[in-house]
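# Fold and geometry: a report
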Amino acid sequence: MAELKRFIVRRLVTFIPTLIGVTLLVFIIANLIPADPARAWAGGEKASPEVIERIREEYHLNDPWYVQYVFLMKKLFTNDIVSPRTHNKIWDDLIFGTSQGVAGAGTKYGRFFITLQLTLFAFLYIVFIGIPLGVLSALKKDSPLDSAVRSLALVGVSTPVFWLGYLLIYIFFVRFRVIELAGFPEPTQRITGIMVIDALLLGENDIAIQIINRLALPAFVLGFIGIGVIARITRNAFLETWNADYIEFGKARGLRKSRLMRHALKNALVPIVTVLGLQFGGLLGGAPITETVFGIPGMGRYMIEAIRNFDYPALIGGVLLFALIYMLANLIVDITYALIDPRVRY
Amino acid sequence: MEICKPILEVKDLYVNFYTYAGIVKAIDGVTFTVCEGETFCLVGETGCGKTVTSRAITKLVPEPGRIEKGEIIYHTPYGKINLLELPEDKLREIRGKEIAYIFQDPAAALDPLYTIGYQIAETMVEHKTVPKWKEAFIKAIDVLRSVLMPDPEKRVKAYPHELSGGMKQRSVIGIGLSNQPRIIIADEPTSYLDVTIQAQIMDLLRKLKNEKRLTIILITHNMGLVAEMCDRVAVMYAGNIVELGTVEQVFKNPLHPYTKGLLRAVPNPLTKIERLEAIPGTVPNLIYPPPGCRFHPRCSYTMDICKREKPRLVEIEPGHHVACWLYSR
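Residues numbered from 1 in each chain as written. Chains lettered and ligands numbered in written order. Predicted model: local features only at pLDDT ≥ 70, side-chain atom pairs only at ≥ 80, totals over all residues. Heavy atoms only, no water.

Let us look at empty space enclosed by the protein. Taken as a whole and assessed by the stated rule, the structure comprises two cavities of 30 Å³ or more. One number sums up the size of the largest cavity: a volume of about 90 Å³. Forming the boundary of the largest cavity are 13 residues, of which B:Pro257, B:Cys293, B:Cys299, B:Cys306 and B:Cys324 lie nearest the centre. Of the residues assigned to the lining of the largest cavity, the class counts are ten nonpolar, three polar and no charged. Considered as a void within the structure, the second largest cavity measures approximately 50 Å³ in volume. Lining the second largest cavity are A:Phe27, A:Trp41, A:Tyr59, A:Leu61, A:Gln68, A:Phe71, A:Leu72, A:Ile81, A:Tyr312 and A:Pro313. Mapped onto the lining of the second largest cavity, the elements with two or more residues apiece are helix H4 (65–77) and helix H14 (312–340) of chain A. Its residues placed into classes, the lining of the second largest cavity shows nine nonpolar, one polar and no charged. (1 Å grid on protein atoms, 1.4 Å probe; cavity = no way out; pocket = protein on both sides within 12 Å on 5 of 7 lines; lining within 4 Å. Points joined across faces, edges and corners; volume = space filled by probe spheres on them. Nonpolar A, V, L, I, M, F, W, Y, C, P; charged D, E, K, R; others polar. Helix = DSSP H or I, 4+ residues; strand = E, 2+ residues; numbered from the N terminus.)

Following this line, the structure appears as structure tokens:
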């Protein structure tokens, strides 16, 4: 246990240089764009020179780039920087919630939590559809089902997210009207940050159902690539362990098939978990398109708006958060290895 | 010799493997009887079908193999059953409970992600010989003690990678014995172990056999082991049994040219020989097996009939059978 703690601390320390590197890279690229952010923030061509000058002062735009960067990071650290676009503090927009947030109304949840919830839903799809499909496909090797699952990975990777999104909107919204595409219900109180869980904790079941209803389809679209990929990885890993000697010995000692499958699946879990961790990052990257297609006021859309308006303080804040989540996901994967396999040592 | 009370009869067993290269006729009409309480040995070179025969007994032939025909008669205290006709779920109840296996490579036979205590307990709980997991874990310690595992209270919580090869094989034997089976099929139980450990494991098997009145089917290519452990021995060659008899009969008076060659190729534990000789030629390709007697291309006594017709196993003296045209006309 002490070893595990040391390992986690060591890994957390390596987060710092990574975060600096990621933000620095985004900052430099944003700075290379030949545009005048101050003018854009002040309102474009017709902005008055005094306002532009005041914004330059406020955001240190006249200083060299490294001073700007340090200023930005410091302010981000203390949540003391206002997005020139939304006029809210950046972490209020993303995490803490604002009095005047999504669509004008106040929100208790920052946009990050909306995206996180969408991502977790998509992740559930991947785990609970992808893994069973993979196992099934391995058990029925070379059957039509197996071929279908194997081609699903290919179809998933080559289907554009926006196309699938619009197709499903056409079917479920335009034709059958079973989903909603506007508004985003919130529970009355923020507890954990995940809306569905909060709603259930508060006993506000109808709100939980509304949220699930709102997210079910976009999460499926977001997770679609992952389902095929995980099914394929699971199939191959499971096939390998299913032919292992300990499964043969398991049969010889008269274990039931369900128990044999448990042994095989647990042994196949290491590659599956690795890919799941990577998939989680992929989901975050896929969120902007899905959110735009389905009109979800999440962080991905927030960042697209930020890019469009040269709002690079908000952009870097968002990138910082994405990077942090990605690294955390991979840290969790590494810890999971030790939980699965007693041979793993840190 | 005592009167044989049969516990297991293998009758006219045929197993084929359907590979891309063609149909491998791995087991070609094998027949033998195992008597209760004896140690019956199957010997032969690698690839002669010993392991497949032993797995076929409880229908554990791996893909793409198929049991084509034959009967496996198992004598329970309540009567005879043909294991090959038993539905899968009934067969599962026999595997590991009535007929248990010990595999060749203990490191691969144990699931690396579970403690050995768990795997022993699991075997008992799955067969309902112990109703509760908690009890099963406690009983697992006794099982480990019975296979002479050092420090069983501690080892029961150990993962396979924390044990030595000998301890792993003791655990595998423990798993095999946990439900007090009537027959143990030990498939080269010592070939992955150091020589010193081999002797310990064989001692253990002999001790357990005497204590629990087990019937052991031992599969090996080690003639020394055969002489030491077995009551009766069946010599296999290319999917056939070529000679069958008591250890005395087979070692002192080998009849089949292959058995003779085999005994000249290894130091014979019962008679002294001057120098070791190899059997000329190689094991035949079983996709296109030689017609007639499968040994005839390597045999120095080949006659015309050997190339045409397959010899049947016939009794030459009481209990001593051979499948060779030299002895049957």
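Before going further, it helps to spend a moment on the environment of A:Arg214. Residue and element names in this part refer to chain A. Within the secondary structure, Arg214 is located in helix H10 (residues 205–242). Sequence-wise, Arg214 and Phe294 are 80 residues apart; in three dimensions their C-alpha atoms are separated by 9.2 Å. Leave out the neighbours within four places in its chain, and Arg214 touches Glu180, Leu181, Ala182, Gly183, Phe184, Phe294, Gly295 and Ile296. (Contact = heavy atoms within 4.5 Å.)

Further remarks concern the layout of surface pockets. Volume-wise, the largest pocket comes out at about 1500 Å³. Lining the largest pocket are 44 residues, and of these A:Glu248, A:Lys251, B:Val61, B:Pro62 and B:Glu63 sit closest to its centre. Secondary structure elements with two or more residues in the lining of the largest pocket: helix H6 (111–139), H10, helix H11 (245–252) and helix H12 (257–294) of chain A together with helix H1 (50–56) and helix H2 (88–94) of chain B. For the lining of the largest pocket, the element with the most residues is H1(B), which contributes four residues. When the residues that make up the lining of the largest pocket are grouped by side-chain class, the tally is 18 nonpolar, eight polar and 18 charged.

Moving on, we come to H14(A). Think of an α-helix as turning once every 3.6 residues; residues three or four places apart then point the same way. In a regular helix each residue adds 1.5 Å, so 29 residues correspond to 42 Å; H14(A) covers 42 Å between its end C-alpha atoms and thus fits that length. H14(A) sits mainly inside the fold: 22 of its 29 residues count as buried. (Expected span 1.5 Å × (residues − 1). Buried < 20%, exposed > 50% of the residue type's maximum accessible area, 1.4 Å probe, protein only.)

Attention now goes to the pattern of salt bridges. Residues and elements named next belong to chain A. For the structure shown, the criterion picks out 34 salt bridges over all chains. One salt bridge connects Glu248 with Lys251, and the closest N-O pair in it is separated by 3.8 Å. In this pair, Glu248 and Lys251 both sit in helix H11, three residues apart, roughly one turn of the helix. The exposure class assigned to Lys251 is partly exposed, which follows from its relative accessible area of 24%. (Salt bridge = Lys/Arg side-chain N within 4 Å of Asp/Glu carboxyl O.)

Residues and elements named next belong to chain B. Strand order across the open sheet formed by four strands is S2-S1-S4-S5, with antiparallel pairing between neighbours. Both edges of this open sheet fall to strand S2 (23–35) and strand S5 (79–82), since each of them pairs with a single strand only. Going from strand to strand, the sheet's axes swing by 5° on average, the running direction of each strand aside. Summarising the sheet, strand S1 (residues 6–18) and S2 pair through ten bridges and their orientation is antiparallel. Looking across to S2, one finds that Asn16 is bridged to Lys25. (Pairing = 2+ DSSP bridges. Axes fitted to C-alpha atoms, helices over the stretch in contact; angles between N-to-C directions.)

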